[in-house]
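Coordinates in review
Here's the letter readout for the chains.
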Amino acid sequence: MNINTGAVLVLSGPSGAGKSTLLNEVINDIGECYFSISTTTRSIREGESDGVHYHFVSEKEFKQDIEEDMFLEYAHVHGNYYGTSIKPVKNALKAGKLVIFDIDVQGNAVVTNRLGDITTSVFISPPTLSELKHRLEARKTDSKEVIERRVQMAKKEIQRICEYDFLIVNDSLEIAANVLRDIAKAARLKIPGNEINEFTYNWEDID
Ligand code: 5GP
């Protein structure tokens, strides 16, 4: 069992897949977690707060953070920058927490590359493209053009599901939440390479 190090759970999926709703549904059942609050240059939506949903910054500030090597990963998504600050993640891992990221497919590729042996990745998808479009329209937070951009982006993202450990089709919230709960619990138990080596080394305790 992974007891010394924290673990990482990556959640990706098109905007409108229901990632936040799903996560809210399970967050109280999966032990000590740290939800990574990303930094973004996109404008704040109605109902969002700075420092809660994102750290909202200007493009100049974001580029400065890139230069200062502040990000574990960052990406250009839907015409805006999004990035994961490294420091709070390191602290949460040191405290043995399950660190949860809501990041896109590009971010998952970097995180898996950098923290692969403690990372479990999950792609969350609505059942169909038309259902995704319907949900984005019902949300009433984005213009027609933005929705169209997100739909086109989703078509590309879907092609990369094979890079993930798990796929959750978010049709019934209850079923999807049950699956996510199980995956999050298992993610904590993933054993990092150094702990496996240590166990193997100590295991042979007789000649
Ligand atoms: P939204 O604008 O709908 O909040 O997010 C748009 C997309 O950006 C989503 O797919 C979300 O997962 C992704 N995203 C949010 N934060 C980050 C981040 O820090 N890094 C990366 N690579 N993607 C992010």
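Description of the structure in this document. (Residues numbered from 1 in each chain as written. Predicted model: local features only at pLDDT ≥ 70, side-chain atom pairs only at ≥ 80, totals over all residues. Heavy atoms only, no water.)

1. Remarks on the pattern of salt bridges
Rule in force here: When a carboxyl oxygen of Asp or Glu lies within 4 Å of a side-chain nitrogen of Lys or Arg, that pair is called a salt bridge. Whether a residue is buried, partly exposed or exposed follows from its accessible area with a 1.4 Å probe, protein chains only, as a fraction of its type maximum: under 20%, in between, or over 50%, in that order.
Under the defined criterion, the tally for this structure stands at eleven salt bridges. One salt bridge connects Arg160 with Glu163, and the closest N-O pair in it is separated by 2.8 Å. Classification of Arg160 as partly exposed rests on a relative accessible area of 27%. Overall, Glu163 belongs to the partly exposed group, its relative accessible area being 34%.

2. Details of the environment of Thr40
Spelled out, the test is: Strands are runs of DSSP state E lasting at least two residues, helices are runs of H or I lasting at least four, and both sets are numbered from the N terminus onward. Contact definition: two residues touch when any of their heavy atoms are within 4.5 Å. N or O atoms within 3.5 Å of each other form a polar contact, as long as, within protein, one can give a hydrogen and the other can take it, and as long as residues adjacent in sequence are counted only when both atoms are side-chain atoms.
With respect to the helices, strands and loops of the structure, Thr40 is situated in strand β3 (residues 39-40). Sequence separation between Thr40 and Glu67 is 27 residues; the distance between their C-alpha atoms is 15 Å. Not counting chain neighbours up to four residues away, the residues in contact with Thr40 comprise Tyr54, His55, Phe56, Val57, Asn80, Tyr81 and Tyr82. In this structure the side chain of Thr40 is engaged in a polar contact, spanning 3.0 Å, whose partner is the backbone nitrogen of Arg42.

3. Here we look at the site of the ligand
How we decide: For each residue, the test is whether any non-hydrogen atom lies within 4 Å of the molecule or strand; if one does, the residue is near. For every accessible area listed, the method is Shrake-Rupley and the probe measures 1.4 Å; residues are considered covered only by the protein chains on display. Ten residue types, Ala, Val, Leu, Ile, Met, Phe, Trp, Tyr, Cys and Pro, are classed as nonpolar, four, Asp, Glu, Lys and Arg, as charged, and the remainder, Gly among them, as polar.
If you check the shell around the ligand, you find 19 residues, and the closest are Ser38, Arg42, Tyr54, Tyr82 and Asp102. Glu73 has a polar side-chain atom sitting 2.8 Å from a nitrogen atom of the ligand. Expressed as a share of its isolated accessible area of 510 Å², the protein-covered part of the ligand is 96%. Every element with two or more residues in the shell around the ligand is listed here: β5 (71-77) and β6 (80-85). Residue composition of the shell around the ligand, grouped by class: five nonpolar, seven polar and seven charged.

4. Observations concerning the packing of aromatic side chains
We apply this condition: Two rings belonging to Phe, Tyr or Trp (six-membered ring only in the last case) form a pair when the distance between their centres is within 6.5 Å. Interplanar angles under 30 degrees mark stacking, angles over 60 mark edge-to-face geometry, and anything in between is tilted.
Taken as a whole and assessed by the stated rule, the structure comprises seven aromatic pairs. Ring geometry for Phe62 versus Tyr74: centroids 6.2 Å apart, planes at 70°, classification edge-to-face. With Phe62 in helix α2 (residues 59-67) and Tyr74 in strand β5, the pair connects residues that are twelve residues apart, well separated along the chain. Residue classification places Phe62 among the buried positions, given a relative accessible area of 0%. For Tyr74, a relative accessible area of 40% translates into the label partly exposed. Ring geometry for Phe123 and Tyr164: centres 5.3 Å apart, planes at 75°, overall edge-to-face. Of this pair, Phe123 sits in strand β8 (residues 119-125) while Tyr164 is found in the loop between α6 (144-158) and β9 (166-169), placing the two residues 41 residues apart along the sequence.

5. Quick notes on the nonpolar core
Rules: To qualify as a nonpolar core, a set must consist of buried Ala, Val, Leu, Ile, Met, Phe, Trp, Tyr and Cys residues joined through side-chain atoms within 4.5 Å.
The biggest cluster of nonpolar side chains holds 19 residues, and the ones touching the most others in it are Leu9, Leu11, Leu98, Ile100, Val122, Ile124 and Ile168. Top contributing element to this core by residue count: helix α7 (residues 173-188), with six residues. Leaving out residues up to four positions away in the same chain, Ile168 has contacts with Val122, Phe123, Ile124, Ser125, Ala176, Val179, Leu180 and Ile183. Val8, Ala92, Val111 and Ile118 belong to the second-largest nonpolar core, a separate cluster that totals twelve residues.

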